[in-house]
Amino acid sequence: MKEWIQKIAHSELVRNSAKLLTANVVAQAIGLLVYPILTRLYSPEDFGLLNLFLSIGNICLLISTGEYRYAILLPKNEEETISLVKLCFRLVCSTSVLVMLTIPLVPMISELFRVQGLQVVYWMIPIYILVFGIWEALSKWHLRRKEFSILSEFQVVHSSTSAFSKIIFGWCGFTRLGLVFSTLIAPVLSILVYIVRHFKSILPLRSNSRYSVALLLQKYRNFPLLTLPRALTNTLSDSLPALLLTPIFGLSSLGFYTMALIVLRPIQMIVNALYQTLYENIAAKKRNLSTIKSTLLRVFVQLLLYGIIPFVMLMIFAPSIISLLLGENWIQTGIYIRYLCPWFYCIFLSGAFCFIPELFNKQKIFLAIEILFFLLQIGAMLLGVFFRNIDIAIISMSIVGTLIICLQLVVYYKTIMEYELTIKTLHDGK
């Protein structure tokens, strides 16, 4: 047992995960520690406006790269990889310009959501798409090159800048724009720091390539055709409370729900670190036709065991914890967290494995699952709207999310077993 533990501790997967996880811990800790301050500077309506802004921005951001960013990890040669990074840059810039052309329609969009404050912040969305879209491509580039220290540094700088700028704007009284403007300032400054410190690391991207845009678009067409619709459906599902409930229940209710999602911050901290290194590790093993079952099963069992007690405790004590940390005015957030805990636990269990559909060309079946999830989430939201009760909507969302992720885990397992059977047949044939 001791030798087994030492072997795991010294494995490349664990070391790389530890680098990103450490950076994520620092970044998320900074973000989380300022919330007791932010909730006393900003109102639930302010957080609701931020959620609406991010919901619109993230949908456009997702479309901007056509999900070609995930293809950056797949080529066997560096020249093709560089061409894919450049392709993502072009797509992001084009999308940003197209969204900018919709600015004259802002009054109509604001009226649709019954949120006049959206007119003040909408112009920032094209910049948000441009900055984050470029970084999404660069992060996959550095992930492929195993430059985990660069990714870690960006996370810490981004989180620190975002947290402290929100505090400064709040103290200065710019509460209407403070949260959204900080969300934009943070990535801009982080990328400037990144360019200054790591300019040499992006010099290879200047090289010319024999791969044409048309060739890359065709070769990796499954990403926009299958991966993008699945991811877009998933993002739309996440954005449903902002897009569907805001006109009915207002920004205040959305603000309480938005704050409940802070629980996802530490969850994503762990999941993203595991996802990035696990994706690279499993992709390399797949290229070499190596077994992957034991690695994935070990990670899943560890997540299952480590997560159960914290989530049960959170479900029991969430209202008291939130009231103590954020103030009594935010106790409704604690109640929402209690409703959402089963779903959060399932996200914790499954998030690190969400690369499996792309890696094994199973996009079609997972697209079908995401569409089902999206439709059921709409049903959950409409149930709350029908009864004019947002609690019913959130509970229904949690139930639907839990069931869908369980279904995804089953399909993940079947996909892995099919791969294991294939490589066993190949090895036996030799």
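These lines cover the structure that appears in this document, whether it is placed above or below.

What counts and how
- Starting from 1, residues in each chain are numbered consecutively following that chain's sequence as written.
- At least 70 in pLDDT is required for a residue's local features to be given in this predicted model, at least 80 for side-chain atom pairs to be given and counted, and no such filter applies to totals for whole chains, interfaces and linings, which use all residues.
- In computing side-chain values, all of the structure's heavy atoms are included and hydrogens and water are not.
- Salt bridge, as used here, is a side-chain nitrogen of Lys or Arg placed within 4 Å of a carboxyl oxygen of Asp or Glu.
- Per the convention used, a helix needs a DSSP run of H or I reaching at least four residues, while a strand needs a run of E reaching at least two, with both numbered from the N terminus.
- Working definition: with a 1.4 Å probe on protein chains only, accessible area under 20% of the residue-type maximum means buried, over 50% means exposed, and in between means partly exposed.
- Axis definition: a line fitted to C-alpha atoms, limited for helices to the stretch in contact. Angles are taken between N-to-C directions and run from 0 to 180 degrees.
- Comment on the angle field: the value is read as roughly parallel under 35 degrees, roughly antiparallel over 145, roughly perpendicular from 65 to 115, and oblique elsewhere.
- The handedness criterion is simple: a crossing whose near helix is rotated anticlockwise from the far helix by less than a right angle is left-handed, and one whose near helix is rotated clockwise is right-handed.
- By the convention used here, residues are in contact when the closest approach between their heavy atoms is within 4.5 Å.
- Note on residue classes: Ala, Val, Leu, Ile, Met, Phe, Trp, Tyr, Cys and Pro are nonpolar, Asp, Glu, Lys and Arg are charged, and everything else, Gly too, is polar.
- The criterion for an aromatic pair is that two Phe, Tyr or Trp rings (for Trp, the six-membered ring) have centres within 6.5 Å, with stacked assigned to planes under 30 degrees apart, edge-to-face to planes over 60 apart and tilted to the rest.

### Quick notes on the pattern of salt bridges
- For the coordinates displayed, the defined rule picks out 9 salt bridges.
- Of the charged contacts in the structure, one is a salt bridge between Lys 140 and Glu 136, with a shortest N-O distance of 3.7 Å. In this pair, Lys 140 and Glu 136 are both assigned in helix H8 (residues 125-144), 4 residues apart and thus about one turn of the helix distant.
- Accessibility expressed as a relative area gives 8% for Lys 140, which makes it buried.
- The network of salt bridges with common partners includes Glu 67, Arg 69, Glu 136 and Lys 140.

### Focus on the packing of helix H12 (residues 222-260) against helix H15 (residues 331-350)
- Between H12 and H15, the shortest axis-to-axis distance is 8 Å and the interhelical angle comes to 50°. As judged from the angle between their axes, H12 and H15 are oblique. Classified by chirality, the crossing of H15 by H12 is right-handed. Facing H12, whose interface residues are Ser 253, Phe 256, Tyr 257, Met 259 and Ala 260, H15 presents Gln 332, Thr 333, Tyr 336, Ile 337, Leu 340 and Phe 344.
- Among the residues making up the contact of H12 with H15, the classes are represented as 8 nonpolar, 3 polar and no charged.

### Focus: the packing of aromatic side chains
- Inspection of every chain in the model, using the stated rule, returns 22 aromatic pairs.
- Judged by centre distance (5.6 Å) and plane angle (90°), the rings of Phe 47 and Trp 330 are edge-to-face. One end of the pair, Phe 47, is in helix H4 (residues 44-65); the other, Trp 330, is in the loop between helix H14 (293-326) and H15, with 283 residues separating them in the sequence.
- On the basis of relative accessibility, which here comes to 2%, the residue Phe 47 falls in the buried class.
- Judged by centre distance (3.8 Å) and plane angle (15°), the ring pair of Trp 135 and Phe 154 falls under stacked.

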